[in-house]
Amino acid sequence: MAENENPTPELAAIETEVEARSAVFKKELGLFDLVLTQIVFVVGTVWVGWAAKLGNDQMAFWLLAIVTFYLPLAAVVIFLNNRMPLEGGLYQWAKLAFNDFVAFMVAWNLWVFGILVMSGIGLIIKKNIAYAIGPRADWMHENKMMTTLVCVVLMISIIAASRRGLALGKWVQNVGGIFLLVTFATLILLPFITAGRGTLQNYHPFSTSMPPLSSLNINIFSKLAVGALSGFEYIAIMAGETRAPARNISRSVLISAPIIALMFILGTASVLAFVKPEDVDLIGPIPQVLSRGFASFGWVSMLVSLTIFGVAARQIALMSIYFAGNTRLPMVAGWDDLLPAWFARLHKRYKTPVNSILFVGMVTLAFSLASLIGVKEQEAFQIQDNAATVFYALMYMVLFAIPLMAIKRFGVRAPLWLKIASASGFIVSVIAGFYTMIPITKVDSPGLFAAKILTVVVIANAIGILLFVLGRKRAE
């Protein structure tokens, strides 16, 4: 039972039921695993490219995003996790704070968000492979058959590994986390490594000038906040598979937060030292920079190719994390009879939700391939990423509303600082949701771009409502 000053009967009942169901899970995740998982999950390799679009104003916007969203998110997640560290995370928090419908729609939006993010990972990995090979692989950058092959092989591998559970998955995540740290260290040191062959005139990591608040700048800021500096709540989904979850999940947030902030700010500065803002590759900015920075280093460039493969390893680790969380959400909904019990069926030996794993894998693969129809890969990636941000923003509005509107149902009072942090996070989430309709790079039709995203969001939530209604009727 989590530490709680005055637990309500409803909270006590939910904790007892979920803890009983979670008892079959092996407690695979310790503090070290959680810290690396947080870093892998939050530090997206594409975000230094998005931030580089701001030029030398990037640090001011990173700091603004950290103050208005990143720190509020960490505060809310730590506060709620300390009081309710249960398998399902935000789903369980929303169920207690509001009702089953809100909880289901939160989980649904988080689930669809995960699907959209995973559906773009195959494209990122293909880009990394192309940059690692070099000019000989230029043909791969817009080759959709190669993208299809990478997506299929990746999904088969993830499904097979996920059946084994976190005993294997955590090592995939840890190895990916170590590769990510090595890659970012190389990226951050790159301007100094190459200083003897040129100058550092474009290297301004700590520029503190106040930039203009243009529509483009606000657009990118919202993506840095809700897109880049997000994800602390995701690890809480697997609280039932974590050792001492109330303590270790909170500690992992505190340890990883400053590391993540420095990686983003210094990494973006390195991108700008080698690539003009208008020329940044939004799908593979780090491989783009490393291939340029070490192009004249002869045999050393081969080592850089290995580093770029390390970025691909991070993407595989990220997908492993998303996949684990996304397969647990249908499982806990199955516990509550909101989805068929088929989704909650566990593997006899590994105790993993095998049916949910297969379902999530097939849906993700379908989205991966469908997004490529009729558009170039850069635009397809923006559509996937922006649509995902809408779902994430909707979920975050509910998360930040809990301390503002319903914290008493947890048997505690929200301190003033938590309410201020929650209000800030809520406002930024609304801004991010709005700006997902506006692309930051040139597309063939901005109106059609916005229409595609809006259609995906409306249809997906309509399906979610229908599933909830059908689940209620089945339960009755």
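Please refer to the structure higher up on the page.
Residues numbered from 1 in each chain as written. Predicted model: local features only at pLDDT ≥ 70, side-chain atom pairs only at ≥ 80, totals over all residues. Heavy atoms only, no water.

A. Representation of the pattern of salt bridges in the model. Overall, the coordinates contain one salt bridge when judged by the stated rule. One salt bridge in this structure joins Arg472 and Asp100, with 2.5 Å as the shortest N-O distance. Of this pair, Arg472 sits in helix H16 (residues 446-475) while Asp100 sits in helix H6 (residues 100-133), and the two are 372 residues apart along the sequence. Judged by relative accessible area, which is 24%, Asp100 ranks as partly exposed. (Salt bridge = Lys/Arg side-chain N within 4 Å of Asp/Glu carboxyl O. Helix = DSSP H or I, 4+ residues; strand = E, 2+ residues; numbered from the N terminus. Buried < 20%, exposed > 50% of the residue type's maximum accessible area, 1.4 Å probe, protein only.)

B. Quick peek at empty space enclosed by the protein. Counting across every chain of the model gives one cavity of 30 Å³ or more. Quantified by volume, the largest cavity comes out at close to 340 Å³. Considering the residues around the largest cavity, the lining is formed by 26 residues, among which Trp47, Val117, Leu318, Tyr322 and Asp385 are closest to the centre. Every element with two or more residues in the lining of the largest cavity is listed here: helix H2 (31-42), H6, helix H9 (215-228), helix H12 (300-335) and helix H14 (377-406). Broken down by class, the residue content of the lining of the largest cavity amounts to 16 nonpolar, eight polar and two charged. (1 Å grid on protein atoms, 1.4 Å probe; cavity = no way out; pocket = protein on both sides within 12 Å on 5 of 7 lines; lining within 4 Å. Points joined across faces, edges and corners; volume = space filled by probe spheres on them. Nonpolar A, V, L, I, M, F, W, Y, C, P; charged D, E, K, R; others polar.)

C. The packing of aromatic side chains, seen in detail. One pass over the full model with this rule turns up 13 aromatic pairs. A centroid spacing of 5.2 Å and a plane angle of 75° characterise the contact between Phe101 and Phe468, whose relative ring orientation is edge-to-face. Here Phe101 is found in helix H6, whereas its partner Phe468 is found in helix H16, with 367 residues between them in sequence. Residue class for Phe101 comes out partly exposed when judged on its relative accessible area of 32%. Given the relative accessible area of 10%, Phe468 is considered buried. Aromatic pair Tyr396 and Phe400: ring centres 6.0 Å apart, planes at 35°, arrangement tilted. With Tyr396 and Phe400 both in helix H14, this residue pair falls four residues apart, about one helical turn. You can call Tyr396 buried: its relative accessible area is 0%. Linked through ring pairs, Phe69, Phe113, Tyr392, Tyr396 and Phe400 together constitute an aromatic cluster. (Phe/Tyr/Trp six-rings, centres within 6.5 Å; stacked < 30°, edge-to-face > 60°.)

D. Main features of helix H15 (residues 416-435). Given a rise of 1.5 Å per residue, 20 residues ought to cover 28 Å, and the 29 Å separating the end C-alpha atoms of H15 matches this to within 8%. Inspection of H15 places Leu418, Ala421, Ser422, Gly425, Val428, Ser429, Ala432, Gly433 and Tyr435 among the buried residues, and these make up the whole buried set. All buried residues of H15 lie within an arc of 160° about the axis, which places them on one face of the element. Opposite its buried face, H15 presents the exposed residues Leu416, Ile420, Ile427 and Phe434, each directed more than 90 degrees away. (Expected span 1.5 Å × (residues − 1). Arc of directions from axis to C-beta.)

E. Just H16, in detail. With 30 residues, H16 should reach 44 Å at 1.5 Å per residue; the first-to-last C-alpha distance of 44 Å fits that figure. By the burial criterion, the buried members of H16 are Phe449, Ala450, Ile453, Val457, Ala460, Asn461, Gly464, Phe468 and Gly471.

F. The arrangement of the nonpolar core in detail. Counting 138 residues, the largest nonpolar core has Phe232, Phe264 and Phe410 as the members making the most contacts within it. Sorting elements by how many residues they give to this core places H6 first, with 20 residues. Phe264 has contacts with Val42, Val43, Gly44, Trp47, Val48, Trp62, Ala228 and Leu229, leaving out every residue within four places of it along the chain. (Core = buried A, V, L, I, M, F, W, Y, C linked by side-chain atoms within 4.5 Å. Contact = heavy atoms within 4.5 Å.)

G. Expanded view of the layout of surface pockets. In this structure, the largest pocket spans a volume of roughly 680 Å³. Forming the boundary of the largest pocket are 34 residues, of which Trp111, Val112, Val363, Phe367 and Ala460 lie nearest the centre. Put simply, the parts of the chain that give the lining of the largest pocket at least two residues each are H6, H12, helix H13 (354-370), H14 and H16. Residues belonging to the lining of the largest pocket are distributed by class as follows: 28 nonpolar, four polar and two charged.

H. Main features of a nonpolar patch on the surface. The grouping of Phe101, Ile465 and Val469 at the surface amounts to a nonpolar patch, some 210 Å² of accessible area in total. Summarising the element assignment, Ile465 is placed in helix H16. Under the relative-accessibility criterion, Ile465 is labelled partly exposed at 38%. (Patch = residues over 30% accessible without salt bridge, like charges linked within 9 Å, V, L, I, M, F, W, Y side chains within 5 Å. Areas by Shrake-Rupley, 256 points an atom, 1.4 Å probe, with all protein chains shown as cover.)

I. The arrangement of the packing of helix H10 (residues 245-274) against helix H11 (residues 285-293) in detail. Across the interface, H10 lies against H11 with an axial gap of 10 Å and an inter-helix angle of 50°. Relative to H11, the element H10 is oriented oblique. At the point where H10 passes H11, the crossing takes the left-handed sense. Here Ser270, Val271 and Phe274 of H10 lie close against H11, whose contacting residues are Val289, Arg292 and Gly293. Taken together, the residues that form the contact of H10 with H11 break down as three nonpolar, two polar and one charged. (Axes fitted to C-alpha atoms, helices over the stretch in contact; angles between N-to-C directions. Parallel < 35°, antiparallel > 145°, perpendicular 65-115°, else oblique. Left-handed = near helix turned anticlockwise from the far one by under 90°.)

J. Broad picture of the environment of Leu90. Following the sequence through the fold, Leu90 ends up in helix H5 (residues 90-97). By relative accessible area, which is 1% here, Leu90 ends up buried. In this structure the C-alpha to C-alpha distance between Leu90 and Leu329, which are 239 residues apart in sequence, comes to 9.9 Å. What Leu90 contacts, discounting residues up to four positions off in sequence, is Val106, Met395, Leu399 and Ile402.

K. Inspection of the packing of helix H4 (residues 58-83) against H15 at higher detail. It is the contact of H4 with H15, at a shortest axis distance of 8 Å, that shows an interaxial angle of 125°. Relative to H15, the element H4 lies oblique. Seen from above, H4 lies across H15 with left-handed handedness. Residues Thr68, Phe69, Pro72, Ala75, Val76 and Phe79 of H4 form the contact with H15, whose participating residues are Trp417, Leu418, Ala421, Ser422, Ser424, Gly425, Val428 and Ser429. Of the residues belonging to the contact of H4 with H15, the class tally is nine nonpolar, five polar and no charged.

L. Focus on the environment of Glu241. With respect to the element layout, Glu241 can be found in the loop between H9 and H10. Residues Glu241 and Leu29 lie 212 residues apart in sequence; the distance between their C-alpha atoms is 6.4 Å.

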